[in-house]
Amino acid sequence: MTDAELRAAEQQLGECAQELAEGIRQALPQWVVSAVEARLPEVDPETRKAAEAAGSAAAAEIGGEVARLLAADIDHQRENPLSVLRRAVRYPTEVLSAAGAIPVERDDFAIDRFPDDAYDLTPASFGDIHPDLREPGLNWGAAKAFVHRRRHI
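Residues numbered from 1 in each chain as written. Predicted model: local features only at pLDDT ≥ 70, side-chain atom pairs only at ≥ 80, totals over all residues. Heavy atoms only, no water.

## Points about the overall build of the protein
Counting secondary structure elements, the protein contains six helices and zero strands. Starting at the N terminus and walking to the C terminus, you meet the elements of the protein as α-α-α-α-α-α. Taking the principal axes of its C-alpha atoms as reference, the protein extends roughly 60 × 30 × 20 Å. The buried share among the 153 residues of the protein stands at 39%. Of all intrachain contacts in the protein linking residues separated by at least 6 positions in sequence, the fraction that spans at least 24 positions is 71%. In the form shown here, the protein has an accessible surface area of approximately 9000 Å², with 50% of it arising from carbon and sulfur atoms. For the protein, the distance from the average position of its 17 positive side-chain charges to the average position of its 27 negative side-chain charges is 5 Å. (Helix = DSSP H or I, 4+ residues; strand = E, 2+ residues; numbered from the N terminus. Buried < 20%, exposed > 50% of the residue type's maximum accessible area, 1.4 Å probe, protein only. Contact = heavy atoms within 4.5 Å. Areas by Shrake-Rupley, 256 points an atom, 1.4 Å probe, with all protein chains shown as cover. Lys, Arg positive; Asp, Glu negative; His and termini not counted. Charge placed at Lys NZ, Arg CZ, Asp CG, Glu CD.)

## Observations regarding the packing of helix H2 (residues 45-71) against helix H4 (residues 90-98)
Remark: H2 packs on H4, axes separated minimally by 9 Å, with the N-to-C direction vectors making an angle of 160 degrees. Here H2 is positioned roughly antiparallel relative to H4, judged by the angle of their axes. In the crossing of H2 with H4, the sense of the turn from one axis to the other is right-handed. Of the residues in H4, those in contact with Thr47, Ala50, Ala51, Ala54, Ala57, Ala58, Glu61 and Ile62 of H2 are Arg90, Tyr91 and Val95. Here the residues of the contact of H2 with H4 sort into eight nonpolar, one polar and two charged. (Axes fitted to C-alpha atoms, helices over the stretch in contact; angles between N-to-C directions. Parallel < 35°, antiparallel > 145°, perpendicular 65-115°, else oblique. Left-handed = near helix turned anticlockwise from the far one by under 90°. Nonpolar A, V, L, I, M, F, W, Y, C, P; charged D, E, K, R; others polar.)

## Observations regarding the packing of helix H1 (residues 3-39) against helix H6 (residues 134-151)
Direction vectors running N to C along H1 and H6 enclose 150 degrees, while the axes themselves pass 9 Å from each other. The angle between H1 and H6 falls in the class roughly antiparallel. Here H1 and H6 pass one another in a crossing that is left-handed. In contact with Leu6, Ala9, Glu10, Leu13, Cys16, Ala17, Glu19 and Leu20 of H1, H6 contributes Pro136, Gly137, Asn139, Trp140, Ala143, Lys144, Phe146, Val147, Arg150 and Arg151. Class assignment for the residues of the contact of H1 with H6 results in eleven nonpolar, two polar and five charged.

## Focus: the pattern of salt bridges
Considering all chains together, one arrives at nine salt bridges under this definition. The closest approach of N and O atoms between Glu22 and Arg25, which form a salt bridge, is 2.3 Å. Here Glu22 and its partner Arg25 are both found in helix H1, three residues apart, which amounts to about one turn of the helix. On the basis of relative accessible area, Glu22 is assigned to the partly exposed category, the value being 33%. (Salt bridge = Lys/Arg side-chain N within 4 Å of Asp/Glu carboxyl O.)

Shown next, in the form of structure tokens:
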């Protein structure tokens, strides 16, 4: 692979990273609200307002962390965006806890891997946050793998 081809692949990776980061930032507010709605039989106006505020906070904080991670050179990324995204669980969890939601029964694996996720909200994939994130997540992963392989063969 020539230097020009590698630069083009790195540029494509950057574009994929930006698309994924922006998609996550846009999807987080509704994901938080939906997670709260899924665990409560009824959502009163105060809880809805708290969920919307938590969703905005998640987009700002977690969305910002994901964007910073994805903007870093892949050789300096020490975690993946899904692991960062999983930290967003605390936002709906705090709203649900304040609303008196009863924690759900979870299996031993979930309890061990995600001890702070009393409501079993941890996303297994980008698509669990929003279906529109599946393709950008796959594209970013493929572009990252391609660039990494080309740099290190």
